[in-house]
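# Coordinate inspection notes
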Amino acid sequence: MAHEIIERNQGVDDLALIGLQTGGVPLADQFADALTQIDGSDLPVGSLDVAFYRDDIGLRPVLPEAVTDIPFDLTGRTVVLVDDVLFTGRTIRAALDALTDYGRPRAVQLAVMVDRGHRELPIRPDYVGKNLPTRRDEVVNVGPDGVDLGETVK
Amino acid sequence: MARLVIRGGQVVDASGTRRADVAIDDGLVVEVGPSLDTDGATVLDAEDCVVTPGFVDLHTHLREPGREEAETVVTGARAAARGGYTAVVAMPNTEPTIDSVAVVSFVLAAGRGACCDVHTAAAITVGRAGEQLTPMAELAALGVRIFTDDGCGVQHDGLMRRAMEYSAPLGVILAQHCEVEQLSHGGHMHEGEWSSRLGIPGIPAEAEELMIARDVALARLTGARSHVMHLSTAGAVELVRAAKADGLPVTAEVTPHHLLLTHAEVAAFDPVFKVNPPLRTAEDVAALRAGLIDGTIDAIATDHAPHAQELKELPFDEAPCGMLGLETAFGVAVTALVVEEGQPLELVLGALSWRPAAIAGLEATHGGPVEVGRAANLTVIDPSATWMVDATDAASKSRNTPFAGRTLTGRVRHTILAGEPVVIDGRTQR
Amino acid sequence: MTRHLLSIDDLSLDDLDELFRLTDGFVEVGRRRIPKVPALKGRTVVSLFYEDSTRTRLSFETAAKRLTADTMTFSVSTSSVKKGESVRDTVETIEAMGIDAIVVRHASAGVPWQVAQWSSASVINGGDGWHGHPTQALLDSYTIRTHLGSLEGHHIAIVGDIKHSRVARSDVAAFTKLGARVTLVAPGTLLPPSLEGWPVEVSHDLDAVLDEVDVVYLLRMQQERMTEALVPSLEEYTVGYGLTRDRAARLGDHVLIMHPGPMNRGVEIAAEVTDLPNAVILEQVANGVPVRMAVLFWLLGVGPPAVDPEGGE
């Protein structure tokens, strides 16, 4: 996937990675390492918690997993959002809203490890590790050893 | 009115207990015995119930004249009847104060024909201002037996002494709301653990005890007959106990709420629990119960204090003090003394009926034994009925009962005033 | 079920932890170019202030606005709280407009509890009489945490008019719940009549206590207390209980100096002392906004909004 990112963007200039809490953060770091190895230059990496932007407030309490940390200026950059699982698309929509409060990126792309379908919004990933059709009630966990499929705990 | 027969109950009065029906005619008890003839008579069922002399409240606020939105003589009397009372003594902190012939006459007239016998106390000082004595002799001639500045105590020691010296030969009682204002000033609840936690200024027990000690000393000095109203602290009980042991003519009363509730009730900041004297500690409640049980405290008196709903919804420190009491007194007394302390029902009945009747000077017509020839002022009670207090189901005009939602044991079933059943199965008849 | 923040006693340690985590998040929001998140869009937060308190009210209103909530102000200082209208009538009128939260401040203890009876909105106690000020205790605890890491095992002295202080009561509850040791330092007339059940120690010797503490928390000494014969004079108070320049000089650099504001410089705290690096008074004020954002988010983040913005999600 790292190669795809470089190819599509013709290099890593003006690129920045932002991992979504929590699953996307370690992945973003891994991508950053991989991209640096391939290309040589350092990439700015940040982390974003979208707890305050979710539109499902009112259905269940959502506390931020960690504090958002975006230690660079987004304006003019191509930001690649990184997450482990893409499902309904609502988290990504929230992330897009959050990003605009930090600046005006030139472009935003999306990299996900697993796309499990069931989109509720017109969101599509630019880079996908694996397409994994699932039932709505299944749970997908992405770990360092691979992908896990389980039943939702009722 | 047709002959009335109360059938199937146990008769309990100061002379003892017996199974008997009671027949009433022309306002008097005409027969007491088993299986009385009910032909042509109205029958009141008293199966599993107790027939006892009607209760007498030494301390009730009827709010008329001046505060008729909270209660009137008529509605208060109705509430009293529903609570088993056949006589009440109205407190004089009305607007204008009951301190003159005109106002005493007004209240007595308003009470004529009401659901219970309405008597009235009168103030010790004009306007309850604590400065000038009222015309006690003139008012005593109208039938006033109890003088009090209730709502506050007489602050000036010298004046209280004069009041005692003047009243002693008149055969009347000076009843005191014991509160030294210099100590109680600014307080809205008992000063102690809860007031400190809640940040609400408190009234220390000493504010009550100091005035009791003063009155006991002055009673000793002057020989006057004095009565301590709504005792609320363990120390107060001790002072009265010692005074009685010394042979002094001191009597005392306690409210039902002080026998059951503590200052912990204020934790939710509901002004329904704001009262003067305030609800105090569990130790005080225990001492008050013990005082009633050993005879230190003579009577239970409700201090029934109705207030319009919006006043009891004010912020706690702005709300007026006072709780309803007439319709729940019997239930609270049975719950506190019979259920929780294992005392006999007779203790409760004595404290509600014949002992206050004697203090009020009404023993000729109220509280006396259930026997032929006596005025038929009776109540029929169910001492084991459990019921939940519904604040909306009240004969009183007001709703400020601290017992809303609480389950009590002991309920009044019927009340007979001068031979007329004014309450039947808990419902007032007029 | 509507949630309220009426008293620190209602919060568990887990609740406190969640609130502090949320505060961390909102501190970060406050540092952004646009310090605003849409979390409470479409919600309405009302300030019902019967006591004049511009600072606390503005702190709550800023917090609400930074969450994109709408605000309404009913304040005695703007005369929109009408004399003679009962609190209940005012609350029911406000309620009819469709609101989600009411922040109540009143000179009488217990009013927020009464308001919670009359309203289905979330009620936040913004200060009730001498009784409580939970959001102050939260921001105080949060401030201490940012410097000391945690309150556990640390020794905090609260100095001054404890008897009449809602800040003291809420701070005692919060600090002790978080594991701190608390010593109250005050003259006899400024302590509550009973300290039964208070998990605190008491001292009348400020100098002795200052040698042992990690935090000195000073309470405002009000002019009125003199007229009530509670202290002979403000000068005598300062000599015994004021954080003078000399006393402050003896404190270690790590000892935090705190005050809920507004300060009576020269009485409970010497003017120069407020400029010392370990005086964190302005930080307390700054933390007030993210702490109150955390409280609003925590309360209103559960359950549907009072006014549905688009008729369903």
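Residues numbered from 1 in each chain as written. Chains lettered and ligands numbered in written order. Predicted model: local features only at pLDDT ≥ 70, side-chain atom pairs only at ≥ 80, totals over all residues.

### What about the overall build of chain B?
Counting its regular elements, chain B contains 13 helices and 21 strands. In terms of its C-alpha atoms, chain B occupies a principal-axis envelope of roughly 65 × 45 × 45 Å. Within chain B, buried positions represent 59% of all 430 residues. In chain B, the proportion of contacts linking residues at least 24 apart, taken out of those at least 6 apart, comes to 75%. (Helix = DSSP H or I, 4+ residues; strand = E, 2+ residues; numbered from the N terminus. Buried ≥ 20, exposed ≤ 12 C-beta atoms within 10 Å, placed from the backbone. Contact = placed C-beta atoms within 7 Å.)

### What about the overall build of chain A?
Counting its secondary structure elements, chain A contains three helices and seven strands. Reading chain A from its N end, one meets helices and strands in the order α-β-α-β-β-α-β-β-β-β. Relative to its 154 residues, chain A shows a buried fraction of 35%. Within chain A, contacts between residues at least 6 apart in sequence are counted, and of these 65% link residues at least 24 apart.

### Observations regarding helix α2 (residues 101-111) of chain B
Residues and elements named next belong to chain B. Three or more residues of α2 are buried, namely Val103, Val104, Val107, Ala110 and Gly111. Buried residues in α2, looked at end-on, bunch into an arc of 130°, giving them a common side. Across α2 from its buried face, at more than 90 degrees, point the exposed residues Ala102, Ser105 and Ala109. Backbone geometry just downstream of α2 places Gly113 in the positive-phi region, at approximately 85°. (Arc of directions from axis to C-beta.)

### Brief notes about the nonpolar core
With 268 residues, the main nonpolar core has Ala333 of chain B together with Leu296 of chain C as its most contacted residues. With 11 residues, helix α11 (residues 281-300) of chain C is the single largest residue contributor to this core. Excluding anything up to four places from it in sequence, Ala333 of chain B contacts Pro256, Leu259, Ile300, Val348, Ala351 and Leu352 of chain B. (Core = buried A, V, L, I, M, F, W, Y, C linked by C-beta atoms within 7 Å.)

### Topic: the environment of Val285 of chain C
All names here are of chain C. If you trace the backbone, Val285 turns up in helix α11. The exposure class assigned to Val285 is partly exposed, which follows from the 16 C-beta atoms found within 10 Å. Measuring from C-alpha to C-alpha, the distance between Val285 and Ala69 comes to 21 Å, with 216 residues separating the pair along the chain.

### With respect to helix α4 (residues 111-118) of chain C
Residues and elements named next belong to chain C. The buried fraction of α4 amounts to six of the eight residues, a majority that puts the element mostly inside the structure. The set of residues buried in α4 consists of Val111, Pro112, Trp113, Gln114, Val115 and Ala116. Elements in contact with the buried residues of α4: α3 (87-96), β3 (101-106) and β4 (122-128).

### Examining unusual backbone geometry
Following Gln21 of chain A, the chain continues to Thr22 of chain A via a peptide bond in cis, the omega torsion being -10°. When you line up the elements, Thr22 of chain A lands in the loop between β1 (15-20) and α2 (24-39). With an omega of 5°, the peptide bond between Glu95 of chain B and Pro96 of chain B qualifies as cis. With respect to the secondary-structure elements, Pro96 of chain B resides in the loop between β9 (85-90) and α2.

### Digging into the domain arrangement of chain B
Residue and element names in this part refer to chain B. Its domain assignment divides chain B into domain 1 (4-50 + 373-428) and domain 2 (54-359). Inter-centroid distance (C-alpha atoms) of domain 1 to domain 2 is 26 Å. With 31 residues of domain 1 at the interface, the matching set in domain 2 holds 43 residues. Contributing elements (two or more residues each) for the side of domain 1 that touches domain 2: β18 (378-388), β19 (407-417) and β20 (420-424). (Domains from an automatic or database assignment.)

### Section: the interface of chain C and chain B
Each side of the interface is counted separately: chain C has 21 residues, and chain B has 18 residues. Looking at the side of chain C that touches chain B, the elements with two or more residues in it are α3, α4 and α6 (166-177) of chain C.

### Describing the pairing of β19 of chain B
Residue and element names in this part refer to chain B. By the criterion of burial, β19 is predominantly enclosed, with nine of the 11 residues buried. Across eight bridges, β18 lies against β19 in antiparallel orientation. In the strand pairing of β19, Ile381 is matched with Val412. The pairing of β19 with β20 spans three bridges and is classified as antiparallel. Counted as the bridge partner of Ile416 is Pro421 from β20. From the end of β19 to the start of β20, which pair antiparallel, there are two residues, and Ala418 there has a positive phi angle of about 45°. (Pairing = 2+ DSSP bridges.)

### As for the sheet that holds strand β21 (residues 427-428) of chain B
All names here are of chain B. In space, the seven strands of this open sheet follow the order β3-β2-β7-β18-β19-β20-β21, with mixed pairing throughout. Bordering the open sheet on either side are β3 (16-19) and β21, each of which pairs with just one other strand. Relative to β21, β20 runs antiparallel, the two being bridged by two bridges. From the neighbouring strand, Val423 faces β21, where its bridge partner is Thr428. The sheet contacts of helix α12 (residues 345-352) involve β2 (10-13), β7 (50-53) and β18, and relative to β2 the element is tilted by about 60°. (Axes fitted to C-alpha atoms, helices over the stretch in contact; angles between N-to-C directions.)

### A short note on the sheet that holds strand β2 (residues 70-75) of chain C
Residue and element names in this part refer to chain C. The sheet built from four strands is open, its strands ordered β2-β1-β3-β4 with parallel pairing. Two strands lie at the open edges of the sheet, namely β2 and β4, each paired on one side alone. This sheet shows a mean twist of 15° between the axes of neighbouring strands, independent of strand direction. Two elements, strand β1 (residues 44-49) and β3, share five bridges in a ladder whose sense is parallel. Note that in β3 the partner of Leu48 across the bridge is Val104.

### What about the environment of Asn93 of chain B?
All names here are of chain B. With respect to the secondary-structure elements, Asn93 resides in the loop between β9 and α2. Accessibility expressed as a C-beta count within 10 Å gives 21 for Asn93, which makes it buried. Expressed as a C-alpha distance, the spacing of Asn93 and Ala121, which sit 28 residues apart in the sequence, is 9.7 Å. The residues contacting Asn93, other than those within four sequence positions of it, are Arg128, Asp150 and Gly151.

### Considering the confidence of the model for chain B
On average, chain B scores 97 in pLDDT, and the residues at 70 or more come to 100%. The ipTM assigned to the predicted complex is 0.90, against a pTM of 0.90. (pLDDT = per-residue confidence, 0-100.)

### A look at the environment of His131 of chain C
Residue and element names in this part refer to chain C. Here His131 shows up in the loop between β4 and α5 (134-148). What makes His131 buried here is the crowd of 26 C-beta atoms within 10 Å. In this structure, the C-alpha to C-alpha distance between His131 and Val291, residues 160 residues apart in sequence, is 20 Å.

### Quick word on the pairing of β1 of chain A
Residue and element names in this part refer to chain A. Counting buried positions along β1 yields six of six residues, so the element is predominantly enclosed. Across the two faces of β1 the burial is the same, with Leu15, Leu17 and Gly19 and Ala16, Ile18 and Leu20 all buried. The pairing of β1 with strand β3 (residues 78-86) spans five bridges and is parallel. Considered in β3, the bridge of Leu17 is made with Val80. Where β1 and strand β2 (residues 45-48) come together, four bridges link them in parallel fashion. In the sheet register, Ile18 faces β2, and the bridge partner there is Gly46. For the crossover from β1 across α2 to β2, the handedness is right-handed. (Right-handed = clockwise from strand over helix to strand, strands pointing away.)

### Notes on the packing of helix α1 (residues 13-30) of chain C against α11 of chain C
Residues and elements named next belong to chain C. Close contact between α1 and α11 brings their axes to 8 Å; oriented N to C, the two are set at 120°. Between α1 and α11, the angle falls in the class oblique. In this structure, α1 meets α11 at a crossing whose hand is right-handed. Where α1 approaches α11, its residues Glu18, Leu19, Leu22, Thr23, Phe26, Val27 and Gly30 are matched on the opposing element by Val289, Pro290, Val291, Met293, Ala294, Val295, Phe297 and Trp298. Residues of the contact of α1 with α11, tallied by class, amount to 12 nonpolar, two polar and one charged. (Parallel < 35°, antiparallel > 145°, perpendicular 65-115°, else oblique. Left-handed = near helix turned anticlockwise from the far one by under 90°. Nonpolar A, V, L, I, M, F, W, Y, C, P; charged D, E, K, R; others polar.)

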